Amino acid sequence: MKMTRTIQHTREQIKSWKKDGYSIGFVPTMGYLHEGHQSLMEKSIQENDKTVVSIFVNPMQFDNPDDLKNYPINPLADMELCDKAGVDLIFSPGVDEVYEKGFCTFVDMSVLTEELCGKSRHNHFRGVCTVVNKLFNIVAPDFAYFGQKDAQQLLVIKKMVKDLNMDLEIVGCPTVRESDGLAKSSRNTHLNPEERKAATILSKAIFEGKNLIESGERNIEKVVAAMKSILQTEPLAKIDYVEIVDGNTVQKIETLQGSVLGQAAIFIGKVRLIDNFIYEV
Ligand code: AMP
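Residues numbered from 1 in each chain as written. Predicted model: local features only at pLDDT ≥ 70, side-chain atom pairs only at ≥ 80, totals over all residues. Heavy atoms only, no water.

Participant: Run through the sheet that holds strand S2 (residues 24–29), naming residues and quoting values.
Facilitator: In space, the six strands of this open sheet follow the order S1-S4-S3-S2-S5-S6, with parallel pairing throughout. Looking along the sheet, the strands with just one partner apiece sit at the ends: strand S1 (2–4) and strand S6 (169–173). Between one strand and the next, the sheet's axes are offset by a mean angle of 25°, whatever the strand orientation. One ladder, built from three bridges, connects strand S3 (residues 50–55) with strand S4 (residues 89–91); its direction is parallel. Paired with Ser54 across the strands is Phe91, a residue of S4. (Pairing = 2+ DSSP bridges. Helix = DSSP H or I, 4+ residues; strand = E, 2+ residues; numbered from the N terminus. Axes fitted to C-alpha atoms, helices over the stretch in contact; angles between N-to-C directions.)

In structure tokens form, the structure reads like this:
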């Protein structure tokens with residue numbers, strides 16, 4: 001496995017692979033890798049000749065300086081996980097390499113980024129779109145892999161690629177969970193044992209929402225209320241939002257039809273957790 005820190009070295013490596021006719025799969029991450037990230041790498045390795053993983057904690061997508069400061073890192077463990085998985089290249093640049101002094105170009109999106117997490121995390125998706133766009137320009141992948149765990153991000157990236165005619169395909173991968181249902185996340189590491197136990201309430205609410213729709217409930221308010229009342233049984237959980245929206249446009253819907261996205265965000269102490277379900281009605 002190779003590792004690069006500069007854009008130039010990364011481009012040189014990719015160009016030489018492309019010259020040899022290899023297809024490139026790409027998994028962008030912020031590191032502190034777990035089985036969720038690994039599932040994306042495995043899919044990429046299955047479907048491509050070479051797999052590149054980027055590890056970059058992108059300051060532009062954090063609206064809270066403490067959140068950025070406390071974001072967990074473990075470069076050695078990340079390298080080991082990538083190596084074991086069979087990744088070909090890790091691109092792990094520093095902030096100055098990605099954002100040169102005077103950087104002032106952004107990818108901004110309307111509509112899809114205004115609902116759900118866009119409401120509570122100001123400019124988050126602007127930071128995500130900008131960095132992902134830059135990474136796509138550096139790595140020039142044929143396929144890029146993103147988790148359904150961050151469903152809104154997946155939809156936003158797919159739309160950006162379509163709207164800006166980018167020459168690659170985005171592949172969505174299912175959410176990997178702990179045995180008790182909690183979606184795997186680098187942020188789970190900030191939960192103390194009591195909070196970790198409390199955090200399972202989120203997937204319980206998500207599963208209940210999906211079950212209700214599966215078993216025929218078509219009243220959105222009733223489904224949202226049922227999900228909220230489950231979350232409210234956990235004293236350590238503070239609800240940020242629970243919503244059911246259109247599964248393609250992330251817009252509010254009046255009736256449950258077509259693809260729907262049910263998503264909830266909660267705080268357990270200072271840790272913000274999200275989870276979701278997608279259902280074809
Ligand atoms: P992050 O490092 O949190 O920015 O995540 C990098 C990629 O891994 C994103 O596409 C995430 O959606 C994906 N990811 C994170 N957690 C999971 C999970 N539990 N299951 C599947 N994909 C995940």
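Participant: Please provide a residue-by-residue account of the pairing of strand S5 (residues 143–147), values included.
Facilitator: In terms of residue burial, S5 counts as a mostly covered element, since four of its five residues are buried. Note that S2 and S5 share two bridges and pair parallel. Residue pairing in the sheet places Gly25 in a bridge with Phe143 of S5. Sheet topology places S5 next to S6; five bridges connect them, and they run parallel. If you follow Ala144 over to S6, its bridge partner there is Ile170. (Buried < 20%, exposed > 50% of the residue type's maximum accessible area, 1.4 Å probe, protein only.)

Participant: Outline the sheet that holds strand S7 (residues 237–246), supporting the account with residue identities and numerical values.
Facilitator: As summarised here, the arrangement of the three strands in space is S7-S8-S9, forming an open sheet in which the pairing is antiparallel. The outermost strands of the open sheet, each flanked by one partner alone, are S7 and strand S9 (271–280). Sheet twist, expressed as the average angle between the axes of neighbouring strands with direction ignored, equals 15°. Relative to S9, strand S8 (residues 259–268) runs antiparallel, the two being bridged by 10 bridges. If you follow Phe267 over to S9, its bridge partner there is Arg272. Against the sheet, helix H10 (residues 200–214) engages S7, S8 and S9, with an angle of about 15° to S9. (Contact = heavy atoms within 4.5 Å.)

Participant: Help me get a handle on H10, residues and values and all.
Facilitator: The end-to-end C-alpha distance of H10, which contains 15 residues, comes to 21 Å, matching closely the 21 Å that a straight helix rising 1.5 Å per residue would cover. Looking only at H10, the buried set comprises Thr200, Ile201, Leu202, Ser203, Ala205, Ile206, Gly209 and Ile213. Residues of H10 that are buried in the fold lie against helix H9 (193–198), helix H11 (220–231), S7, S8 and S9. Phi turns positive one or two residues past the end of H10, at Gly216, with a value near 110°. (Expected span 1.5 Å × (residues − 1).)

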